[in-house]
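Each chain, written out:
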Amino acid sequence: MPVKTSYKENISIALQSIAGNRLRTSLTSLIIAIGIMALVGILTALEGVKTSVNNAFAGLGANSFTIQNRGSDLNFGNGGHRKVYPAISYEQADQFKKKFSLPVIVSVNLQVSGTAIAKYENKKTNPNTSVEGTNDNYLITSGYKLAFGRNFSASELEHGDNVVIIGNDIKKQLFKDGDAINKLIFIGSNKFKVIGVFATKGSSVGFGGDKFCVIPVLKAKQIVDTSAPSFTITIMVNGPGALDATIGEATSLFRNIRDLNVANDNNFDIERSDSFQQELSGQLAGITWGGASIGIITLIGAAIGLMNIMLVSVTERTREIGLRKALGATPAIIRKQFLIEAIVICMIGGIGGIILGMAVGNLIAVQISGSFVAPWAWLFAAIVLCTFIGLISGFYPAKKASRLDPVEALRYE
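Keep in mind that this is a model prediction, so the values were computed, not measured.

Here we take up the environment of S17. Relative to the helices and strands, S17 is located in helix α1 (residues 7-20). For S17, a relative accessible area of 10% translates into the label buried. Along the primary structure S17 and E341 are separated by 324 residues, whereas in three dimensions their C-alpha atoms are 7.9 Å apart. Look past the residues within four positions of S17 in its chain and what remains in contact with it is R317 and E341.

See below:
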């Protein structure tokens, strides 16, 4: 007469079988662990980099946009070239700042150099210092804060005085732990008095950094090498809800300043503060799915290996299966026992793979300026995937075991 067994009994029998074949279980679990480690490791590393990117852009001045004379698309079309429009003059930028009536914060900026050398006495920086001219609103629109000193005064901005606010890296190179305020330094061939030091911001994923200094925008206009420099205008709004409407007003005003009629296209570019982040996040999303695909392919190989080992297990345990059937076990009971065994082996390997994957993924992320993360969604998905792999890999061997003829199975040598 057929006997009935509960799931608890089936799990108990499956665990006894696993415990009785520790070497085979270990090797099978290792196959799954390697597959899960590849999947979780890749996704954890990418999640760490993505978190670092978001953190890096969070301080670049939220809810802002920039008017400039060139595009900044990340795509590689058009031979890698960006659109370049006529330069934005200081007069145009200043006129915009004075005429724009909405309640916003406006900074006018000019990039002077990206390869300058800063000197103090016998110390100097490497030729990778960025020098930018700006006004007193730079701190707000850029997201930087002062660690020491003060911002530009109205008089210094009006007269283009030789004063400078330096980044933390420059302060460390020229003054180490000493006080930099009111010291005189050379930037190129020009002497400046240090009035402030920016708080460190770091150089996550290659952006920002502390190897820079800012000077009054009029001073920058005087010392820049370019005969017709192009200024940029950064506008910060009160909140994200006002960003689109403000961009529309700014576009209309600047078109008038540039003497563009209705038939003319814009001859300037507007870059939102979040556009670069959105583009880069889109690229990272594509890489994430690519990494997931690689991990899933690895898991398919692991699933095939598990199925093969389970088939070997059915062959080795043919007499055991025949004996159970002779004692009343139904094909459904045999099938459940093998399926549970396959799932448990997958879960053992999956948990080990998750732990190794998180360790490897976070190690990679930290090494490439990422941050430590625990991608819970992917970890939950990995556990579900392990269960699914166990069902798929164990289904055919379990079906084969359940169909064995008990008489032939008992005669098997």
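Given a rise of 1.5 Å per residue, 27 residues ought to cover 39 Å, and the 37 Å separating the end C-alpha atoms of helix α12 (residues 376-402) matches this to within 8%. At F395, α12 shows its largest kink, close to 40°, and the proline P397 lies no more than four residues downstream. Inspection of α12 places L379, A382, C386, I389, G390, S393, G394, P397, A398, A401 and S402 among the buried residues, and these make up the whole buried set.

For the structure on display, the rule yields five salt bridges. Between D169 and K211 there is a salt bridge whose closest N-O contact spans 3.4 Å. With D169 in helix α6 (residues 168-175) and K211 in the loop between β9 (190-198) and β10 (212-216), this residue pair connects regions lying 42 residues apart in the sequence. The exposure class of K211 is partly exposed, given its relative accessible area of 38%.

Mapped onto the secondary structure, L139 falls in helix α4 (residues 138-142). Judged by its relative accessible area of 16%, L139 is buried. A C-alpha to C-alpha distance of 9.1 Å links L139 and F198, two positions 59 residues apart in sequence.

Moving on: the nonpolar core. By size, the foremost hydrophobic cluster in this structure holds 44 residues, and its most contacted members are I67, F96, V164, I166 and I185. No other element matches the six residues that helix α8 (residues 243-257) contributes to this core. Counting 33 residues, the second largest nonpolar core, distinct from the first, contains M310, I321, I334 and L379.

The next subject is helix α10 (residues 318-326). Along α10, the positions that sit buried rather than exposed are T318, I321, G322 and K325. Around the axis of α10, the buried residues are gathered within 100° of arc, so they sit on the same side. G328, located one to two residues past α10, shows a positive phi value of around 115°.

The rules we used
Residues numbered from 1 in each chain as written. Predicted model: local features only at pLDDT ≥ 70, side-chain atom pairs only at ≥ 80, totals over all residues. Heavy atoms only, no water. Helix = DSSP H or I, 4+ residues; strand = E, 2+ residues; numbered from the N terminus. Buried < 20%, exposed > 50% of the residue type's maximum accessible area, 1.4 Å probe, protein only. Contact = heavy atoms within 4.5 Å. Expected span 1.5 Å × (residues − 1). Bend = angle between axes of the 7 residues up to and from the residue. Salt bridge = Lys/Arg side-chain N within 4 Å of Asp/Glu carboxyl O. Core = buried A, V, L, I, M, F, W, Y, C linked by side-chain atoms within 4.5 Å. Arc of directions from axis to C-beta.

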